Amino acid sequence: MSKVIEIRQITRDFPLGNETVKVLKGIDLDIDRGEYVAFMGPSGSGKSTLMNLLGCLDTPTSGHYILNGKDVSQMKDDELAEIRNKEIGFVFQTFNLLPRTTALENVALPMIYAGYNKTDRIKRAEEVLTNVGLGDRMDHKPNQLSGGQRQRVAVGRALVNKPSIILADEPTGNLDSKTSLEIMNLFDEIHAAGNTVILVTHEEEVAEHAHRVIRLRDGMVESDERKEILSQ
Ligand SMILES: Nc1ncnc2c1ncn2[C@@H]1O[C@H](COP(=O)(O)OP(=O)(O)OP(=O)(O)O)[C@@H](O)[C@H]1O
Ligand SMILES: [Mg+2]
């Protein structure tokens, strides 16, 4: 199987006053194309810091991050922005949608940066919104949508450029349990369609959807378990 992510001895330090906080302390990780991974671990263990690195929102202090065979660890901001737009779909706990903008426009936005023309953008955004179950909500603005619907828009926006990986940092953290399950069923479908899905969660029921659970503790990998997939 081809590797989409190779991480070698990644560290991330943050300056804090006169001191340095060592948040990630040397992480090694390989993730294959098509995997469904959940990161778990206590608050402060470094999950979001690692997700931000995986999502090219940040670069490591040392070590290497190879995304689709390309070392992105030392890239400059503009190069990273291009990689991010092409290869990464990011879903946040707080949705992060543009408030005065319709669901359709929110989903189409990453396609503007990717250089698609308006007709293609609208066509693709309509297709994606229909796939996430919002075919009848395209013209609604975020405040006219429920929490679960907003997260569906965010998932649609993450998918629109057909990225190599979908990253989601506590995507159900602001949702009730029924809506969480709907969103997780959506991630299951996205994974079943052949996508690589990597998420962070505090909830065991959410992590159960993944096929591999990696637990972080104090900036290191504590355990990494693949579920037995029973062949039929
Ligand atoms: N920009 C920063 N400057 C200084 N310290 C930081 C910075 N970002 C994160 N940290 C520290 O890194 C540690 C890990 O933070 P991170 O957000 O990755 O944790 P987490 O595992 O996602 O926690 P949670 O489950 O609460 O979301 C924390 O102790 C945090 O204070
Ligand atoms: Mg976090």
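Residues numbered from 1 in each chain as written. Chains lettered and ligands numbered in written order. Predicted model: local features only at pLDDT ≥ 70, side-chain atom pairs only at ≥ 80, totals over all residues. Heavy atoms only, no water.

Asker: Sorry if this is basic, but what is going on with the overall build of the protein chain here?
Answerer: Across its full length, the protein chain carries seven helices and 10 strands. Its C-alpha atoms give the protein chain a radius of gyration of 18 Å, near enough to 17 Å, the size a compact globule of 232 residues would have. Its C-alpha atoms give the protein chain principal-axis dimensions of about 50 × 45 × 40 Å. The proportion of buried residues among the 232 residues of the protein chain is 50%. Counting only contacts in the protein chain whose residues sit at least 6 apart along the sequence, the fraction spanning at least 24 positions is 68%. Here the protein chain displays about 11,900 Å² of accessible surface, and carbon together with sulfur accounts for 47% of that area. Each charge sign in the protein chain was given a centre, from 28 positive and 35 negative side chains, and these centres are 4 Å apart. (Helix = DSSP H or I, 4+ residues; strand = E, 2+ residues; numbered from the N terminus. Rg over C-alpha atoms; globule rule 2.2 N^0.38 Å. Buried < 20%, exposed > 50% of the residue type's maximum accessible area, 1.4 Å probe, protein only. Contact = heavy atoms within 4.5 Å. Areas by Shrake-Rupley, 256 points an atom, 1.4 Å probe, with all protein chains shown as cover. Lys, Arg positive; Asp, Glu negative; His and termini not counted. Charge placed at Lys NZ, Arg CZ, Asp CG, Glu CD.)

Asker: How should the site of ligand 1 be read in this particular structure?
Answerer: Around ligand 1, the surrounding shell consists of F14, V23, P42, S43, G44, S45, G46, K47, S48, T49, E170 and H202. Residue S48 places a side-chain N or O atom 2.9 Å away from an oxygen atom belonging to ligand 1. In the model, an oxygen atom of ligand 1 is placed 2.9 Å from a nitrogen or oxygen of the H202 side chain. When ligand 1 sits alone it has 640 Å² of accessible area, and the protein chains cover 61% of it. The element that contributes the greatest number of residues to the shell around ligand 1 is helix 1 (residues 47-54), accounting for three residues. A breakdown of the residues in the shell around ligand 1 according to their chemical character gives three nonpolar, seven polar and two charged. (Near = heavy atom within 4 Å. Polar contact = N/O pair within 3.5 Å; in protein donor to acceptor, adjacent residues only side chain to side chain. Nonpolar A, V, L, I, M, F, W, Y, C, P; charged D, E, K, R; others polar.)

By themselves, these are just geometric observations and shouldn't be taken as functional.
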